[in-house]
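Structural overview for review
These are the residues of each chain, in order.
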Amino acid sequence: MKGHGEQAKRVVIVGAGSVGSTFAYTLMNSGLAEDIVLIDVDEEKVEGEVMDLNHGLFFAPPVSIWAGDYSDCAAAHAVVITAGAAQEPGESRLDLTGRNAGICRSILDQVVEQTRDAVIVMVTNPVDVLTYDAIRHSGLPWKQVVGSGTVLDSARFRFLLSDHCQVDPRNVHAYILGEHGDSEVAAWSMTHMAGVPMDRFCALCGECDFQRRRQRMVEQVRDSAYHVIAAKGATYYGISQALLRIVGAVLRDEHSVLTVSTLIHNYLGIEDVCLSIPCVLGRTGVVRQLKVGLSQTEAADLRRSAEKLKDVQDALPD
Ligand SMILES: NC(=O)c1ccc[n+]([C@@H]2O[C@H](COP(=O)([O-])OP(=O)(O)OC[C@H]3O[C@@H](n4cnc5c(N)ncnc54)[C@H](O)[C@@H]3O)[C@@H](O)[C@H]2O)c1
């Protein structure tokens with residue numbers, strides 16, 4: 001029960017496909033939200049997902065879950081947008097970008113009609129370009145609109161490092177920056193094990209020729225989604241955990257450092273593009289961007305990633 005004046009912590013998820021409904025399940029079991037609303041154009045599917053989720057409520061922390069509409073956004077703390085179209089045979093990535101931008105714009109129009117206070121979390125791909133488009137189209141402050149960015153990629157990186165070095169992933173600090181996609185950048189200069197910089201950790205350990213394995217590991221992170229999609233058609237567990245971390249930081253005003261996709265100005269020569277860098281995340285979205293120093297190679301790679309994203313951004317319809 002809520003006390004007088006308290007507002008239930010509400011998360012609206014738009015798009016009840018593989019990602020949206022798995023995130024709803026993850027969120028439901030976390031106990032972080034009190035209201036979870038699912039919205040989808042496919043009414044039968046969203047009703048089915050909500051029924052299935054509600055049948056597990058007996059085993060979960062108290063939470064209300066329903067198939068809603070945009071009026072439910074009025075009291076939302078966070079709106080997570082996972083709605084989108086999949087690539088059709090013969091359709092280019094750019095065509096898909098235009099189609100998904102159209103879908104996300106129509107969703108955002110309906111969201112901002114109800115609230116200009118909720119933090120918007122973009123998930124639909126290409127996530128960096130659609131985060132940029134969401135900020136531009138909605139007119140919301142840039143700090144309030146983030147993309148899931150490379151939070152998932154950074155988790156994949158940590159998992160691989162942890163597995164290779166046999167160190168608990170919670171003691172591995174490693175970040176993937178830039179595009180959530182092929183031009184992403186592993187920030188080796190920021191990587192450390194429990195405070196010990198990676199190079200020093202390797203020198204102390206001496207059990208493998210890690211320099212030679214580095215590139216392979218970065219490729220593994222970058223190509224993870226391709227492998228999972230080839231094997232089972234979609235990725236949804238990892239991204240759902242990443243979304244729980246992002247939305248949890250918002251709901252609990254955690255000030256956690258997460259590599260969300262955010263609008264960049266004046267960083268290493270990068271201007272007016274959304275990509276991932278470490279950000280302090282709290283109740284109102286991005287509290288601070290950590291414009292960290294990178295090695296020369298990493299900075300050059302990040303600029304290349306930004307240029308690639310900018311080309312796609314610039315091709316978006318007005
Ligand atoms: N950023 C990441 O790290 C990451 C990870 C995985 C997937 N994704 C992306 O997330 C998106 C969703 O993936 P998925 O596997 O859940 O796809 P999916 O096809 O299973 O689900 C998409 C859902 O969106 C709904 N939808 C379409 N148009 C809509 C509209 N106008 N309003 C409301 N709902 C609408 C569809 O009915 C469908 O249920 C894709 O773009 C995918 O590439 C991003």
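In this report, the structure presented in the accompanying data block is examined. Because the structure is predicted, anything quoted here is derived from the model rather than measured.

Analysis parameters
- Residues numbered from 1 in each chain as written.
- Predicted model: local features only at pLDDT ≥ 70, side-chain atom pairs only at ≥ 80, totals over all residues.
- Heavy atoms only, no water.
- Helix = DSSP H or I, 4+ residues; strand = E, 2+ residues; numbered from the N terminus.
- Rg over C-alpha atoms; globule rule 2.2 N^0.38 Å.
- Buried < 20%, exposed > 50% of the residue type's maximum accessible area, 1.4 Å probe, protein only.
- Contact = heavy atoms within 4.5 Å.
- Pairing = 2+ DSSP bridges.
- Near = heavy atom within 4 Å.
- Polar contact = N/O pair within 3.5 Å; in protein donor to acceptor, adjacent residues only side chain to side chain.
- Areas by Shrake-Rupley, 256 points an atom, 1.4 Å probe, with all protein chains shown as cover.
- Nonpolar A, V, L, I, M, F, W, Y, C, P; charged D, E, K, R; others polar.
- 1 Å grid on protein atoms, 1.4 Å probe; cavity = no way out; pocket = protein on both sides within 12 Å on 5 of 7 lines; lining within 4 Å.
- Points joined across faces, edges and corners; volume = space filled by probe spheres on them.
- Axes fitted to C-alpha atoms, helices over the stretch in contact; angles between N-to-C directions.
- Parallel < 35°, antiparallel > 145°, perpendicular 65-115°, else oblique.

Here the focus is the overall build of the protein. From N to C terminus, the protein includes nine helices and 16 strands. In terms of C-alpha radius of gyration, the protein reaches 20 Å, essentially the compact-globule figure of 20 Å for 318 residues. In terms of its C-alpha atoms, the protein occupies a principal-axis envelope of roughly 55 × 45 × 40 Å. Burial statistics for the protein: of 318 residues in total, 51% are counted as buried. In the protein, the share of contacts with a sequence separation of at least 24, taken over all contacts with a separation of at least 6, comes to 68%.

We now examine the sheet that holds strand E10 (residues 192-193). Within a sheet, each strand pairs with its neighbour through backbone hydrogen bonds, oriented either parallel or antiparallel. Taken in spatial order, the three strands of this open sheet run E7-E10-E11, and their pairing is antiparallel. Bordering the open sheet on either side are strand E7 (172-173) and strand E11 (196-197), each of which pairs with just one other strand. Sheet analysis places E10 next to E11, joined by two bridges and oriented antiparallel. Of the residues in E11, the one forming a bridge with His192 is Pro197.

The environment of the ligand is formed by 22 residues, the closest being Ser18, Val19, Asp40, Asn125 and Ser148. Within the contact set of the ligand, an oxygen atom lies 3.0 Å away from a backbone nitrogen or oxygen of Ser18. Here an oxygen atom of the ligand sits 2.6 Å away from a polar atom, N or O, in the side chain of Asp40. Look at the ligand: alone it shows 870 Å² of surface, and the protein chains cover 79% of it. Breaking the shell around the ligand down by element, the ones donating at least two residues are helix H1 (18-30) and helix H3 (93-114). Of the residues belonging to the shell around the ligand, the class tally is 10 nonpolar, 10 polar and two charged.

Time to look at the environment of Val111. By the element assignment, Val111 lies in helix H3. The spatial distance from the C-alpha of Val111 to the C-alpha of Asp69 is 9.7 Å, given a sequence separation of 42 residues. Beyond its immediate sequence surroundings of up to four residues, Val111 is in contact with Tyr70, Cys73, Val79 and Ile120.

Quick look at the layout of surface pockets now. Quantified by volume, the second largest pocket comes out at close to 610 Å³. Surrounding the second largest pocket, 24 residues form its lining, Val151, Ala155, Arg158, Arg245 and Leu258 being those nearest its centre. Those elements that provide at least two residues to the lining of the second largest pocket are helix H5 (151-165), helix H8 (237-251) and strand E12 (256-258).

Glancing now at the packing of helix H6 (residues 198-205) against helix H7 (residues 210-232). Put simply, H6 and H7 touch, their axes get as near as 11 Å, and they point 130° apart. Here H6 is positioned oblique relative to H7, judged by the angle of their axes. Only Phe210, Gln211 and Arg214 of H7 make contact with H6, whose side of the interface consists of Met198, Asp199 and Cys202. Residues of the contact of H6 with H7, tallied by class, amount to three nonpolar, one polar and two charged.

So, on to the sheet that holds strand E16 (residues 285-289). Read across the sheet, three strands follow the order E12-E15-E16 without closing on themselves; strand pairing throughout is antiparallel. The sheet terminates laterally at E12 and E16, the two strands that pair on one side only. Strand-to-strand twist in this sheet, taken as the mean axis angle between neighbours without regard to direction, amounts to 40°. Relative to E16, strand E15 (residues 279-282) runs antiparallel, the two being bridged by four bridges. The residue of E16 that forms the bridge with Cys279 is Gln289. In the packing of H8 onto the sheet, the strands contacted are E12 and E15, and the crossing angle to E12 comes to about 145°.

That's the geometry; what it means functionally is another story.
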